[in-house]
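Spelled out, the chains give:
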Amino acid sequence: MAHRWTNDLTEADVTPHGVWLNRRQIMAGLAGGIAGAGLAALAGPAAAAGDDLEPNSWKEITSYNNFYEFGTGKSDPSERAGSLTTSPWSVRIDGLVERPGDYALGDILSKMTIERRIYRLRCVEAWSMVVPWDGFELADLLGMAGVKAGAKYVAFETLLRPEEMPGQRYPVLEWPYVEGLRLDEAMHPLTIMATGLYGKPLPNQNGAPLRLVVPWKYGFKSIKSVVRITLTSDQPPTSWNKANPREYGFYSNVNPNVDHPRWSQATERRVGGGLFSRRQPTLMFNGYEREVASLYEGMDLAKYY
Amino acid sequence: MRSTTDLVAGWLNGRFRQVPVWLVYLTGAAYVPLLFYWGATGGLGVEPIRALELELGRIGIKLLILGLAITPLRRYSGLNLMKFRRAIGVLAFSYVALHLLVWLVLDVQDPARIWADIVKRPYVTIGMAGFLLLVPLAATSNNWSVRRLGALRWRRLHRLVYPAVLLGAIHFTILVKGLPIRPSVYFAIIIFLLALRMRPGALLRRA
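Residues numbered from 1 in each chain as written. Chains lettered and ligands numbered in written order. Predicted model: local features only at pLDDT ≥ 70, side-chain atom pairs only at ≥ 80, totals over all residues. Heavy atoms only, no water.

### Description of the pairing of strand β3 (residues 115–122) of chain A
All names here are of chain A. Burial within β3 is extensive, with eight of its eight residues counted as buried. With burial as the criterion, each face of β3 is covered, one bearing E115, R117, Y119 and L121 and the other bearing R116, I118, R120 and R122. Across eight bridges, β3 lies against strand β4 (residues 127–137) in antiparallel orientation. For I118, the partnering residue across the bridge sits in β4 and is P132. Hairpin connection between β3 and β4: a loop of four residues separates the two successive antiparallel strands, and A126 in this loop has a positive phi of roughly 75°. (Buried < 20%, exposed > 50% of the residue type's maximum accessible area, 1.4 Å probe, protein only. Helix = DSSP H or I, 4+ residues; strand = E, 2+ residues; numbered from the N terminus. Pairing = 2+ DSSP bridges.)

### Description of unusual backbone geometry
Residues and elements named next belong to chain A. Of the consecutive residues W175 and P176, the connecting peptide bond is found in the cis state with omega at -5°. With phi around 40°, S225 is a residue other than glycine that occupies positive phi space. Along the polypeptide, S225 turns up in the loop between β9 (211–213) and β10 (226–232). For S225, a relative accessible area of 0% puts it in the buried group. One non-glycine residue, F285, adopts positive backbone phi at about 50°. Inspection of the secondary structure assignment puts F285 in the loop between β12 (280–281) and α9 (289–292). Assessed through its relative accessible area of 3%, F285 is described here as buried.

### Comments concerning the nonpolar core
Ranked by size, the top nonpolar core spans 78 residues in total, and within it W133, L138, F156, W216 and I229 of chain A carry the most contacts. Discounting chain neighbours no more than four positions away, the residues touching W216 of chain A are E185, H188, L190, T191, N253, V254, F285, N286, Y288, V292, L295 and Y296 of chain A. Within the second largest apolar cluster, 46 residues are counted, among which are L275 of chain A together with L63, A92 and I118 of chain B. (Core = buried A, V, L, I, M, F, W, Y, C linked by side-chain atoms within 4.5 Å. Contact = heavy atoms within 4.5 Å.)

### Quick look at a nonpolar patch on the surface
A contiguous nonpolar patch, built from Y170 of chain A together with L179 and I181 of chain B and spanning about 280 Å² of accessible area, is present on the exposed surface. Classification of I181 of chain B as partly exposed rests on a relative accessible area of 35%. (Patch = residues over 30% accessible without salt bridge, like charges linked within 9 Å, V, L, I, M, F, W, Y side chains within 5 Å. Areas by Shrake-Rupley, 256 points an atom, 1.4 Å probe, with all protein chains shown as cover. Salt bridge = Lys/Arg side-chain N within 4 Å of Asp/Glu carboxyl O.)

### Digging into the interface of chain A and chain B
Contact with chain A, which involves 32 residues of that partner, is made by 25 residues of chain B. For the pair chain A and chain B, the two sides together bury roughly 2400 Å², of which 53% comes from carbon and sulfur. Sorting the residues of chain A by area buried against chain B places R262, R269 and L275 of chain A first, and these three jointly supply 33% of that buried surface. Linking chain A with chain B are six salt bridges, by the criterion used here. Across the pair E125 of chain A and K177 of chain B runs a salt bridge, and its minimum N-O distance is 2.9 Å. (Buried area = accessible area lost by both parts, 1.4 Å probe.)

### Details of the confidence of the model for chain A
The pLDDT averaged across chain A works out to 88; a share of 86% of its residues lies at or above 70. Counting contacts from residues 15–50 of chain A, a segment whose pLDDT is below 50, to residues more than four positions away or on other chains yields 44 contacts. (pLDDT = per-residue confidence, 0-100.)

### A few points about a positive patch on the surface
All names here are of chain B. A surface patch of like charges, here positive, comprises R74, R75, R85, R155, R156 and R159. Elements with a minimum of two residues in the positive patch: α3 (48–77) and α8 (151–157). Within the secondary structure, R155 sits in helix α8. (Lys, Arg positive; Asp, Glu negative; His and termini not counted. Charge placed at Lys NZ, Arg CZ, Asp CG, Glu CD.)

### Quick word on the side chain of K217 of chain A
Residue and element names in this part refer to chain A. Along the chain, K217 turns up in the loop between β9 and β10. Within the local environment of K217, its side chain forms a polar contact with the backbone oxygen of Y251, the two atoms lying 2.9 Å apart. In this structure, K217 is in contact with R122, L181, E185, Y251, S252, N253, V254 and Y296, ignoring residues within four places of it in sequence. (Polar contact = N/O pair within 3.5 Å; in protein donor to acceptor, adjacent residues only side chain to side chain.)

Take a look at the structure:
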């Protein structure tokens, strides 16, 4: 089931930082007009016109993180996650599956096909990045465990280990962090479990050794350092929804038309643009409307935010 | 008999008397170009606009808290920082104003959105209200205004700093995602400093 989706961004987009910076500056200089249209054509059919699609640098992706298990500051994860033990690692897959059990990460990886997926990442805080993930489709993992007929949702859980995750000593959120998807969202070809970044193993601050990536949803849905995956018949609880149900819904699809109660979601700022970075419009489903809009047909997205 | 606290306070007061006020202004002012320099050269991380905005706001509220602490410090410990109070207040206003300016010019950028945010977003509305309360205080932070208004009216006017700093703390608290632990600490300190003023502290001290 691997390779069900092809990047709208190519390997050529994963360029060294220096080159990348130059290209971005050139692009900024030529913003709009013919240049924008030309780039969009190059980037492929799913790319939005005039969008800046260069992947963010290794430094940007690994130094600006929300991973509250290590603190609420953006640099806390990169400063404090180094001591997290990620080997050995196993994932308990249970609930409505044919073959429940504790799966060693090595065993999982030996059966999965790792691919490069260059995705936009849009945080609910209105900043964004483009990230070259390496990972496998979640559908393949669920297939390995065998999804039973009654399963409708997939629940995920992050490691709970306050000795190594100092943020878990404070009740900023209820620990362990939990997330969930509808089964069709989980089986969608865009939904991956990431194991790497830029061809290197996933750094701890980015959710090592195994994390979910759902590119059309706000970043907090893409749960990090996953230790448990449970197939359920009922909608599972999710951490931010439990903390503040009015502000964070179960779906949390990127949607420029539905504001966060405290701030606008219409625009975003790409990380790495410097002190004079311009805001850019946020795209419906984070630019993956063509791929995922059908999942939500007939749903009132202002109600199911 | 003089207590240890009095001795320490007396010694510190002697030291502080030697510190010229202009040095406080200079230190406060010098940090601003440094912050912008770091922002432009990567010293504030990969999202410098946000970092700059947060840092300016945090320093603004810290200076406001420091300003509030001066009277109780003198009353309860004998430490006298009165001569720096105006400088601290003026610097606090400057940092809050720069925080607002960075938000307007670098962060939100779009004039239409700025107005929409002020009207629609409670954290912006509250922050803006706090800033507006500080404007008359900054404008009257000079000897001419004190003479012109008279000491009593000037002091009454400057009590606006109490609601202003509370609005600032609310602004900070409701911005945070999750349980706002750090803003709550600021809040507790502010409430404590304001509560000290509500009690007739002078009665306790007069011996």
